[in-house]
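Chain by chain, the residues:
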Amino acid sequence: MKALPVVVSLTIAVSLFPASWLGWTKDISDLVRVPVTPLSHVGVLLTGWMRPAAQLSDLPTDQDERNTLAIAEREHYRQLYHAQLLRSTELADILRELQQLPESALRNPLPPVSVPVDITGINPHNPSSPVELKLARGVSERIADGDLAIVGRDVVGRVTDIGLTRISLLPTTHSSHGHVRASIVPAHPQTGRPRILATVLAFADGGPHLYAECASSLDVQVGDLVVIDDSSWSEHAKGLIVGKVTAIKPIDEAPLRNALEITPRRKPRDVARVIILGTTEGHE
């Protein structure tokens, strides 16, 4: 028993060595596996004896039975083909979404996480209520509270309440986000208008829109884009789109200012997949 602390301490010390120094441990593990190798070999032989591979002599001799078997195998492989076709289409869609990400997201030191929008809970009467998503395998260790969920260049929400089987997504119109500093830019920069038309504080009141105010003398038009320019958000959020201006109304109490209605272009409940810009490094 006195040797146990020494062995444990030695094991911990060796485990802290660089990986290049521990190549010899592979040889030791192979030696340890030698006693069980015959047993595993017997297990393989026993499995082959209990479930032998099909031989030509095992095929039915009746022509009708052979035709039936051939049709069944054809349908089986057709199902496998269509399953792989669906999988390849899904991977192509993911690749297309990753290619549409802004440069700021691609500079993120951690790879973006693609999460299918498998909704497990939603309030259909409140478009700004949190959306519960099914937690995909290997995702929980790579995301954290506050991470951005985007589709292309559009922010659709932020991650919150990461549970064992689900995660919650707060849409950009949720009131808990508070005031967000944003810039208004032209939807078509080549029109000769300024690159940044106005800097505003956008906020939500629990409805389907965001709201902001700006000076009426500024050249802000319906259709202009509203992008994040807030240092309190992730550095990779800068330049991402939170919505577009859909209405401009004068403020009676302040004649020199206009009230802006901002509508998100994408919503988490309307898309099939979101990309989460993870800020936590994990291992699948």
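Just above, that's the structure.
Anyway, here's the lowdown on the structure attached to this text. Because the structure is a prediction, the values reported are computed rather than measured.

Reading the values: the criteria
Residues numbered from 1 in each chain as written. Predicted model: local features only at pLDDT ≥ 70, side-chain atom pairs only at ≥ 80, totals over all residues. Heavy atoms only, no water. 1 Å grid on protein atoms, 1.4 Å probe; cavity = no way out; pocket = protein on both sides within 12 Å on 5 of 7 lines; lining within 4 Å. Points joined across faces, edges and corners; volume = space filled by probe spheres on them. Helix = DSSP H or I, 4+ residues; strand = E, 2+ residues; numbered from the N terminus. Nonpolar A, V, L, I, M, F, W, Y, C, P; charged D, E, K, R; others polar. Salt bridge = Lys/Arg side-chain N within 4 Å of Asp/Glu carboxyl O. Contact = heavy atoms within 4.5 Å. Buried < 20%, exposed > 50% of the residue type's maximum accessible area, 1.4 Å probe, protein only. Core = buried A, V, L, I, M, F, W, Y, C linked by side-chain atoms within 4.5 Å. Pairing = 2+ DSSP bridges. Lys, Arg positive; Asp, Glu negative; His and termini not counted. Polar contact = N/O pair within 3.5 Å; in protein donor to acceptor, adjacent residues only side chain to side chain.

### Describing empty space enclosed by the protein
The probe, sized like a water molecule, is rolled over the atoms to show the empty space still left.
Turning to step 1, where the next piece is worked out: A full pass over the atoms with the stated rule returns two cavities of 30 Å³ or more.
Turning to step 2, where the next piece is worked out: A volume near 90 Å³ is recorded for the largest cavity.
Turning to step 3, where the next piece is worked out: Lining the largest cavity, in full, are Thr172, His174, His177, Gly178, Val180, Ala182, Ala202, Phe203, Ala204, Leu210, Trp233 and Val242.
Turning to step 4, where the next piece is worked out: Mapped onto the lining of the largest cavity, the elements with two or more residues apiece are β7 (180–185) and β8 (198–204).
Turning to step 5, where the next piece is worked out: Sorting elements by how many residues they give to the lining of the largest cavity places β8 first, with three residues.
Turning to step 6, where the next piece is worked out: Here the lining of the largest cavity is built from residues that sort into eight nonpolar, four polar and no charged.
Turning to step 7, where the next piece is worked out: Estimates place the volume of the second largest cavity at around 60 Å³.
Turning to step 8, where the next piece is worked out: Forming the walls of the second largest cavity are Pro127, Ser128, Val156, Pro171, Thr172, Thr173, Pro208, Pro264, Arg266, Lys267 and Pro268.
Turning to step 9, where the next piece is worked out: Tallied by class, residues from the lining of the second largest cavity come to six nonpolar, three polar and two charged.

### Details of the pattern of salt bridges
Turning to step 1, where the next piece is worked out: All told, the structure shown has eight salt bridges when counted by the stated rule.
Turning to step 2, where the next piece is worked out: Salt-bridge contacts for Arg181 lead to Asp229; the nearest nitrogen and oxygen are separated by 2.9 Å. One end of the pair, Arg181, is in strand β7; the other, Asp229, is in the loop between β10 (225–228) and β11 (241–251), and 48 residues separate them in sequence.
Turning to step 3, where the next piece is worked out: Residue Arg257 pairs with Glu213 through a salt bridge whose shortest N-O separation is 3.5 Å.

### So, the layout of surface pockets
Turning to step 1, where the next piece is worked out: Of the volumes computed, that of the largest pocket is approximately 380 Å³.
Turning to step 2, where the next piece is worked out: Contributing elements (two or more residues each) for the lining of the largest pocket: β7 and β10.
Turning to step 3, where the next piece is worked out: In terms of residue class, the lining of the largest pocket is made up of eight nonpolar, two polar and five charged.

### Observations concerning the environment of Leu256
Turning to step 1, where the next piece is worked out: Of note, Leu256 is situated in strand β12 (residues 254–263).
Turning to step 2, where the next piece is worked out: Considered as a pair, Leu256 and Ser216 are 40 residues apart in the sequence and their alpha carbons are 5.4 Å apart.
Turning to step 3, where the next piece is worked out: When sequence neighbours within four positions are dropped, the list of residues in contact with Leu256 reads Cys214, Ala215 and Ser216.

### Brief notes about the side chain of Ser168
Turning to step 1, where the next piece is worked out: In this fold, Ser168 is placed in strand β6 (residues 166–171).
Turning to step 2, where the next piece is worked out: Residue Ser168 is classed as buried on the basis of its relative accessible area of 5%.
Turning to step 3, where the next piece is worked out: Filtering out sequence-adjacent residues up to four positions away, Ser168 remains in contact with Val131, Glu132, Arg158, Val159, Thr160 and Asp161.

### Section: the nonpolar core
Turning to step 1, where the next piece is worked out: Core analysis: the biggest nonpolar cluster contains 26 residues, and Ile184 and Val220 have the highest contact counts within it.
Turning to step 2, where the next piece is worked out: By residue number, the principal contributor to this core is β8, which donates four residues.
Turning to step 3, where the next piece is worked out: Apart from the residues within four sequence positions on either side, Val220 is in contact with Ile184, Arg193, Leu197, Ala198, Cys214, Val245, Ile248 and Leu260.
Turning to step 4, where the next piece is worked out: Val131, Ile143, Val159 and Val274 belong to the second-largest nonpolar core, a separate cluster that totals 13 residues.

### Considerations on the pairing of strand β13 (residues 273–277)
Turning to step 1, where the next piece is worked out: Most of β13 is tucked away: five of the five residues are buried.
Turning to step 2, where the next piece is worked out: Here β13 shows a buried face lined by Arg273, Ile275 and Leu277 and a second buried face lined by Val274 and Ile276.
Turning to step 3, where the next piece is worked out: Bridging between strand β4 (residues 148–151) and β13 involves three bridges; their strand directions are antiparallel. Among the inter-strand pairings, Ile150 is bridged to a residue of β13, identified as Ile275.

### Considering the side chain of Arg158
Turning to step 1, where the next piece is worked out: With respect to the secondary-structure elements, Arg158 resides in strand β5 (residues 154–160).
Turning to step 2, where the next piece is worked out: Although Arg158 is buried, it forms no salt bridge, and the closest oppositely charged side chain is Asp147 at an N-O distance of 7.4 Å.
Turning to step 3, where the next piece is worked out: Reaching out from Arg158, the side chain makes a polar contact with the backbone oxygen of Gly146 at a distance of 3.3 Å.
Turning to step 4, where the next piece is worked out: The contacts of Arg158, once residues within four sequence positions are left out, are Gly146, Asp147, Leu148, Ser168, Leu169, Leu170, His177 and Trp233.

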